[in-house]
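So you can see what is in the structure, the chains are spelled out below.
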Amino acid sequence: MSGLLEMSLGKFRNVLLNETNPVEAVIRNIASNVTLIIFQAHAQQKDVTVSFDKFPSTNNSATGADRGLISILHPQQSVCTWYLQSLEANQVFSTAVSIPYTARDPIPGGCNLEFNLEVDPNIYLEYNLVDTRIKFAPANLGSTRGESPPSCDSGTGQNSRWRLHYDIYQYFLPENDLSEITLMSHLRKMSEVKSIKANGMKMITLTTNDKTDAYFSSLPGQGVIYNIIVWDPLWNTSAAYVPAHTYACSLATLVDNCLSPTKLPTKIFFTILAVLGLFICFFGHGFWKTDLFYMGFIFMGLFFFVLITRVTNLGFDVCLILTAVAGIVGGLLLVAYWWRFGFVPLCMVLVGLMLGLLFASMIFFTPLGDYRVFRDDAVFWVTFSCIALMIPVVFVGCPRFLNILACGIVGSYSVVLAIACYLYTSLAYITLDLLRRILKNDFSRAYTNVPFQTNDFIILAVWAMLALGGVTVQLRRERGEVPFPPHPYRIWKRERERRSTNILDPSHHIPPLRERIHNKLLQIRELFRKEQPAGERTPLLL
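These numbers come from a predicted model, not from an experiment.

Caption draft 1: View of helix α1 (residues 180–187). Buried within α1 we find T182, L183, M184, H186 and L187. Those residues of α1 hidden inside the fold are in contact with β4 (36–43), β7 (66–72), β9 (92–101), β12 (165–172), β15 (224–232) and β17 (244–246).

Set out below in structure tokens:
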């Protein structure tokens, strides 16, 4: 037997749904100036079915976590009925609401040609680890009760649906909060036009000439609600679609779910990188070869990660291991280059380039990165390269300060990346969005807006204090010291020549390396030689 849910226009009602007993939602005493009602139901992770009939079919129902139906009212109609049902045997917690609109308000999804419903006000959401796509059906102009809405193909003039505009809004849930109660309470802020404008962030405005979809950067583990307001500029009226939410991850799976989106090898990798980065942040310039190894590790590891990911289909864990190996080799090669040639300017170009890459990524992490002009890859990469190369050019006259600055900022940012493996923070997307832009050809179409909440402010303060503290400590430690250590190969060569020409130098009489190794082996052999038996030891007389 189905349950009965008495509803009022604009009022949210929480309801428990299951598979066997559909719930009948009823609204009575509808005012005569209301021409259509959008009825919608939301659940956190399980699908719910909203239908006009007790027995749902493809053309009279919608199924999903965020779904709704439009009821266009007939003359004298004052009662509306819908049916709610879950696809799960267990009870599913959901919330439902009905939003009224009048004759001059647009009809969301009124010109649907893609989806099953004749009038479809739903937002269809698809996501992966890189980007999230939302799709929706075009709207139509409103009409009074008893009149048919204008034809969707009646022309492209100002008296047709082509005058409508679509504003896409984004709303972030509190960070690190995956509870049902939080989602349901915040969905109320994104269901009606006034509350959407007051709480959401408008990301993009589309016209009828544009495709009815949009792409956004995925934020695994972070709840996001999307909604669309369709606006009629002639009557200055608006209507809202059914909001849709996503966490860009699964709440149900046992492995790689929203509670632990970061894999164990990634946590180990970035934790080790953060420990070394913290050392570089405060002591990098004083330990020059360690500093070179660290910068070479990051540069070569980043290069090989991009290369391996682009040209192979290896799993992420394998790519991470190969990246670590390539980074170690790259760091050792840079140290070996310094030991043999000692060419400081070339080493500083690499160090400055690493700081420049991070600085350019920070610039495009701001709202500047979502400007339409940077959707063009050529414009983006030319601008990005100029900003990145500007750093080594500006500091060309003070290489020591450049190296200390790079140690402080880059080293401390590795701590931020390690924190992001255990606790969500938007600061990780400073570099992650750059990697996405490199690895995915069409990522340029995605909007990269991220939340900036309490956790982010705290972690940003920690990053700033570490960077400032590291630079200050190194500047004080290196005061009065030579800018860079002397060329090690030249020192070794000069010492060897001195020992070979100065016979008074005790080191001049040190045997060659081969002879020293041979003598050491003879000493070791003596340790294992058996003692001779006791007997007469009188020497022979000649």
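Caption draft 2: Quick peek at the sheet that holds strand β18 (residues 446–447). Here four strands make up an open sheet; going across it, the order is β10-β11-β14-β18 and the pairing mixed. The sheet terminates laterally at β10 (123–127) and β18, the two strands that pair on one side only. Across five bridges, β10 lies against strand β11 (residues 131–136) in antiparallel orientation. Within β11, the residue paired with Y127 across the bridge is T132.

Caption draft 3: Seen up close, the UniProt feature "transmembrane region" (unreviewed entry) in the protein. Annotation from UniProt places "transmembrane region" (unreviewed entry) at residues 268–285, 292–308, 314–339, 346–366, 378–397, 404–425 and 457–475. In residues 268–285, the share of helix is 89% and the share of strand is 0%. The end C-alpha atoms are 26 Å apart. Its end C-alpha atoms 24 Å apart, residues 292–308 is made of 100% helix and 0% strand.

Caption draft 4: Main features of the packing of aromatic side chains. Per the counting criterion, the structure on display carries 24 aromatic pairs. Summarising the aromatic geometry, the rings of F303 and F304 are spaced 5.7 Å apart at their centres and angled 80° between planes, so their arrangement reads as edge-to-face. Site record: aromatic cluster; members linked through ring pairs are F364, F374, F380, W381 and F384.

Caption draft 5: Region of interest: the sheet that holds strand β5 (residues 48–51). Read across the open sheet, the five strands follow the order β1-β3-β8-β5-β6; overall the sheet is mixed. Of all the strands in the sheet, the pair left with one neighbour each is β1 (3–7) and β6 (61–64). Averaged over all adjacent pairs, the angle separating strand axes in this sheet is 20°, with direction ignored. Where β1 meets strand β3 (residues 23–27), five bridges bridge the pair, whose relative direction is parallel.

Caption draft 6: Main features of the state of the cysteines. Counted under the stated rule, the structure contains one disulfide. There is a disulfide in this structure between C111 and C152, and the S-S distance comes to 2.0 Å. An S-S torsion of about -95° defines the bridge between C111 and C152 as left-handed. On the criterion of sequence distance, the pair formed by C111 in the loop between β9 and β10 and C152 in the loop between β11 and β12 is long-range, its members being 41 residues apart.

Caption draft 7: Layout of unusual backbone geometry. For Q76, which is not a glycine, the phi torsion comes out positive at approximately 70°. We classify Q76 as exposed; its relative accessible area is 76%. Phi at N236 is positive, roughly 55°, even though this residue is not glycine.

Caption draft 8: Structural detail: helix α7 (residues 377–394). Over its 18 residues, α7 extends 26 Å from the first C-alpha to the last, a length consistent with the 26 Å expected when each residue adds 1.5 Å. Put simply, D376 is the residue that caps the front of α7, since its side-chain oxygen is 2.9 Å from the backbone nitrogen of A378.

Caption draft 9: A look at the environment of S195. Within the element layout of this structure, S195 appears in helix α2 (residues 193–199). Relative accessible area serves as the criterion here: at 17%, S195 is assigned to the buried category. Those residues within four positions of S195 in sequence are excluded, and the remaining contacts are R188, K189, M190 and G200. Looking at S195, its side chain comes within polar contact range of the main-chain oxygen of E192, at 3.0 Å.

Calculation notes
Residues numbered from 1 in each chain as written. Predicted model: local features only at pLDDT ≥ 70, side-chain atom pairs only at ≥ 80, totals over all residues. Heavy atoms only, no water. Buried < 20%, exposed > 50% of the residue type's maximum accessible area, 1.4 Å probe, protein only. Helix = DSSP H or I, 4+ residues; strand = E, 2+ residues; numbered from the N terminus. Contact = heavy atoms within 4.5 Å. Pairing = 2+ DSSP bridges. UniProt positions renumbered as here; feature names shortened; annotations may be inferred. Phe/Tyr/Trp six-rings, centres within 6.5 Å; stacked < 30°, edge-to-face > 60°. Axes fitted to C-alpha atoms, helices over the stretch in contact; angles between N-to-C directions. Disulfide = S-S within 2.5 Å. Expected span 1.5 Å × (residues − 1). Polar contact = N/O pair within 3.5 Å; in protein donor to acceptor, adjacent residues only side chain to side chain.

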